[in-house]
Amino acid sequence: MNTRSNRRRIAALGIAMAAVLPLAACAGSGTPEPGSSEAGGGAGGTDPETFTVMTANENPVLEEQLTALSEGACKAENEALPIEHQKVAQADTVQKVTLLASQGALPTHTIAGTALIRPDGDLNAAGLVGDLKAALEGSGAWDNVLPAAASTVEQVYGGMYSMPYQYNVEGIFYNKEIFADNGIEEPQTWDDLLDASATLQDAGITPMTEAGAAGWPLTRILGMYIFRNVGPEAMVAIRDGKAKLTDPEYVEGAQALADYADAGYFGEGFSTRDGDTSSNMFLTGQAAMTYDGSWLLSAINDPARNQIGGENIGFMPFPEVDGGKGSIDQYAANAGAPMIINAEQFGPKVVDWISCIAQNYGQQALQNAGVISGFKVNGDVTDISENTAEIQERIAGIDETVLWFEALMDSKSNSLASTNGTLLTTGQMTPEEYMTQLQASIDANG
């Protein structure tokens with residue numbers, strides 16, 4: 001596809017997006033995804049006059065840390081190609097990026113809507129999504145990207161098309177003191193988890209708290225059971241039509257979640273529990289466990305919220321399912337909103353910039369903002385909590401990750417999965433009905 005036809009395609013998309021702004025803005029605010037190495041290519045574009053970076057208003061940390069690098073570790077790169085910041089509201093990302101692309105004014109390094117940068121997305125098909133792996137391998141900086149982060153980005157986007165400035169792993173946080181007092185060791189299998197939950201319930205302790213009102217914390221457990229049972233490619237098979245959610249091994253995941261809830265292991269009122277309430281139940285010792293992501297560290301590190309003490313909080317992977325094809329070593333993970341490089345501006349100076357970021361952002365963000373990223377921490381970091389250090393170290397040792405249950409679903413099916421999750425866990429919908437309705441939605445909208 002030549003540059004002129006690229007522009008025509010993006011311009012046509014811009015006209016269409018302007019006509020459906022509310023829908024587009026909503027669709028662009030979800031979880032990550034990008035393009036194709038054939039379309040985007042690696043480095044090889046023409047350097048711009050400035051290293052223009054557009055980030056979301058809701059994420060001031062990224063601008064702050066890139067500015068700090070421009071004044072410190074990446075000062076030479078900044079002198080050669082000065083950084084310039086632009087901002088956009090997260091909800092307006094799709095419209096804004098589409099408009100700029102249609103005008104030939106896409107920033108050098110920009111946040112982008114998930115669907116736009118998948119292999120079949122309009123930005124990728126138009127040759128505007130740079131291949132970060134090719135560029136970083138060429139500069140010798142690829143080893144600074146953690147294998148876990150590369151695994152996650154490539155699964156979600158179809159290639160290494162986003163810089164992993166944020167990186168979250170998910171698992172089960174647990175109260176070490178409660179476990180010890182009740183003779184419980186970290187569950188290694190789903191059956192172990194059920195036994196531990198029964199012991200805790202008998203002791204008058206809520207085994208696990210989840211924000212049932214949000215829906216997705218419940219489907220995270222369903223999804224992880226499926227990944228452990230079917231294997232890491234379980235949801236790729238659904239997306240590609242090679243399996244159905246109505247297949248017995250998938251329905252088993254919905255049944256496991258429904259049974260866990262029916263046993264009372266989430267405690268009373270879980271279906272109307274919000275995120276803050278759920279976190280506070282865990283951090284005040286009212287619940288022994290919570291399945292959550294490493295974003296919970298902000299609350300764990302807040303002494304006003306954490307009343308059980310960081311030293312009493314452990315973190316473990318979701319347990320294996322006996323006879324399943326998945327591994328306990330495969331953590332669910334996500335890499336935040338996508339941040340792409342405009343392939344048309346992927347010149348040598350831009351490569352120098354992203355190489356410097358890859359080498360230094362991990363330490364910079366962890367030390368200055370307590371942010372865990374998908375980059376190696378090349379240097380000493382002081383005065384961070386043991387909990388943060390533990391999860392950063394754990395991430396560094398992960399080779400393979402899995403996605404979350406809804407990661408590859410269309411927006412309508414994504415919403416349905418969460419909404420019906422409440423009905424499933426409160427006994428208003430059977431596991432078979434839940435999976436049948438969700439599969440029908442995927443067939444109609446996927």
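Above this text sits the structure in question.
Small disclaimer: the values here were computed from a predicted structure and weren't measured.

Conventions adopted
Per-chain numbering applies: the sequence of each chain, read as written, is numbered from 1 onward. Two thresholds apply to this predicted model, a pLDDT of at least 70 for residue-level local features and 80 or more for giving and counting side-chain atom pairs, whereas whole-chain, interface and lining totals are computed over all residues. Values reported for side chains reflect all heavy atoms of the structure, with hydrogen atoms and water molecules removed beforehand. Criterion for a disulfide: a pair of cysteine sulfur atoms within 2.5 Å. Per the convention used, a helix needs a DSSP run of H or I reaching at least four residues, while a strand needs a run of E reaching at least two, with both numbered from the N terminus. A 1.4 Å probe rolled over the protein chains alone gives each residue an accessible area, and that area as a share of the maximum for its type sets the label: buried under 20%, exposed over 50%, partly exposed in between. Here the rule is simple: two strands pair whenever DSSP picks up at least two bridges between them. Two rings from Phe, Tyr or Trp (for Trp, the six-membered ring) form a pair when their centres sit within 6.5 Å of each other. Planes less than 30 degrees apart are called stacked, planes more than 60 degrees apart edge-to-face, and all others tilted. Here, the term nonpolar core denotes a set of buried Ala, Val, Leu, Ile, Met, Phe, Trp, Tyr and Cys residues that are joined through side-chain atoms within 4.5 Å. Of all possible arcs, the one meant is that of the directions from the helix axis to the C-beta atoms. Any two residues having at least one pair of non-hydrogen atoms within 4.5 Å are treated as being in contact. Throughout this description, a polar contact denotes any pair of N or O atoms lying within 3.5 Å of each other; where both atoms belong to protein, one of them has to be capable of donating a hydrogen while the other can accept it, and for residues adjacent in sequence the pair is counted only when both atoms sit in side chains. The definitions used throughout rest on a 1 Å grid laid over the protein atoms alone, on which a cavity is an enclosed set of points accommodating a 1.4 Å probe that cannot get out and a pocket is an open set flanked by protein within 12 Å on both sides along at least five of seven lines; lining residues are those having an atom within 4 Å of a point. Grid points are joined across faces, edges and corners, and a volume is the space filled by probe spheres set on the points. Salt-bridge detection follows one rule: a side-chain nitrogen of Lys or Arg within 4 Å of a carboxyl oxygen of Asp or Glu. Axes here refer to lines fitted to C-alpha atoms; in helices the fit is confined to the stretch in contact. Angles between the N-to-C directions go from 0 to 180 degrees.

Caption draft 1: Broad picture of the state of the cysteines. Under the defined criterion, the tally for this structure stands at one disulfide. Linked covalently through their sulfurs, Cys74 and Cys356 form a disulfide whose S-S length is 2.1 Å. Between Cys74 and Cys356, the S-S torsion sits near -105°, and that sign places the bridge as left-handed. With a gap of 282 residues between them, Cys74 in the loop between helix 4 (60–71) and helix 5 (75–80) and Cys356 in helix 17 (residues 348–369) connect regions that are remote in the sequence. No difference in accessibility class separates Cys74 from Cys356, as the two residues are buried.

Caption draft 2: Up close: the pairing of strand 4 (residues 168–175). Buried residues dominate strand 4, accounting for eight of its eight residues. The pairing of strand 4 with strand 8 (residues 331–334) spans three bridges and is classified as antiparallel. Along strand 8, the bridge assignment pairs Asn168 with Asn334. One ladder, built from four bridges, connects strand 4 with strand 7 (residues 313–316); its direction is antiparallel. Of the residues in strand 7, the one forming a bridge with Asn175 is Ile313.

Caption draft 3: Spotlight on helix 6 (residues 93–102). In terms of burial, helix 6 is largely enclosed, as seven of its ten residues are buried. Looking at helix 6, one finds that the buried residues are Thr93, Val94, Val97, Thr98, Leu100, Ala101 and Ser102. Positive backbone phi, approximately 70°, marks Gly104, located one or two places after helix 6.

Caption draft 4: Structural view of the packing of aromatic side chains. One pass over the full model with this rule turns up 15 aromatic pairs. Centre to centre, the rings of Phe51 and Trp353 are 4.8 Å apart; their planes meet at 10°, and the pair counts as stacked. You can see Phe51 sitting in strand 1 (residues 51–56) and its partner Trp353 sitting in helix 17, a full 302 residues away along the chain. Taken individually, Phe51 and Trp353 each receive the classification buried, so the pair is uniform in this respect. With a centroid separation of 6.1 Å and 70° between ring planes, the pair formed by Tyr361 and Phe375 is classed as edge-to-face. Residue Tyr361 is found in helix 17, and its partner Phe375 is found in the loop between helix 17 and helix 18 (386–396); the two are separated by 14 residues along the sequence. As far as burial versus exposure is concerned, Tyr361 and Phe375 are alike and both buried. Linked through ring pairs, Trp190, Tyr225, Tyr260, Tyr265, Phe266, Phe270, Tyr291 and Phe318 together constitute an aromatic cluster.

Caption draft 5: The arrangement of the nonpolar core in detail. Within the largest apolar cluster, 80 residues are counted, with the highest numbers of intra-cluster contacts made by Leu66, Leu123, Tyr165, Ile357 and Tyr361. Examining the composition of this core, we find that ten residues originate from one element, helix 17, more than from any other. Counting 52 residues, the second largest nonpolar core, distinct from the first, contains Ile226, Leu245, Met289 and Met435.

Caption draft 6: Main features of helix 8 (residues 132–139). Of the residues making up helix 8, those classed as buried are Leu132, Ala135 and Leu136. All buried residues of helix 8 project into a common sector of 90° when viewed along the axis, lining one side. Here the buried face of helix 8 lies against strand 9 (339–341) and helix 17. With a side-chain oxygen lying 3.1 Å from the backbone nitrogen of Lys133, the N-terminal cap of helix 8 falls on Asp131. Positive phi appears at Gly140, one or two residues downstream of helix 8, with a value of about 85°.

Caption draft 7: Spotlight on empty space enclosed by the protein. One pass over the structure, following the stated rule, counts three cavities of 30 Å³ or more. A volume near 40 Å³ is recorded for the largest cavity. Phe173, Leu297, Ile300, Ile313, Gly314, Phe315, Asn387, Glu390 and Ile391 are the residues that line the largest cavity. Those elements giving two or more residues to the lining of the largest cavity turn out to be helix 16 (297–300), strand 7 and helix 18.

Caption draft 8: Looking closely at the pattern of salt bridges. Taken as a whole, this structure holds seven salt bridges when the rule is applied. Two residues, Glu63 and Lys87, come together in a salt bridge whose shortest N-O distance is 3.3 Å. Taken as a pair, Glu63 in helix 4 and Lys87 in strand 2 (residues 83–88) lie far apart in primary sequence, 24 residues in all. Overall, Glu63 belongs to the partly exposed group, its relative accessible area being 25%. What makes Lys87 partly exposed here is its relative accessible area of 32%.

Caption draft 9: Inspection of the sheet that holds strand 3 (residues 109–111) at higher detail. The mixed open sheet is built from four strands, whose spatial order is 2-1-3-9. Strand pairing shows two members of the sheet lacking a second neighbour, strand 2 and strand 9, which therefore form its edges. Neighbouring strand axes in the sheet, compared pairwise and without regard to direction, differ in orientation by 25° on average. Those strands touched by helix 17 are strand 1, strand 2 and strand 9, and its axis lies near 50° from that of strand 1.

Caption draft 10: Summary view of the side chain of Ser413. With respect to the secondary-structure elements, Ser413 resides in helix 19 (residues 411–425). Accessibility expressed as a relative area gives 0% for Ser413, which makes it buried. Of note is the side chain of Ser413, whose polar atom sits 2.7 Å from the side chain of Asp410. Setting aside anything within four residues of it in sequence, one finds Ser413 in contact with Leu438, Ser441 and Ile442.

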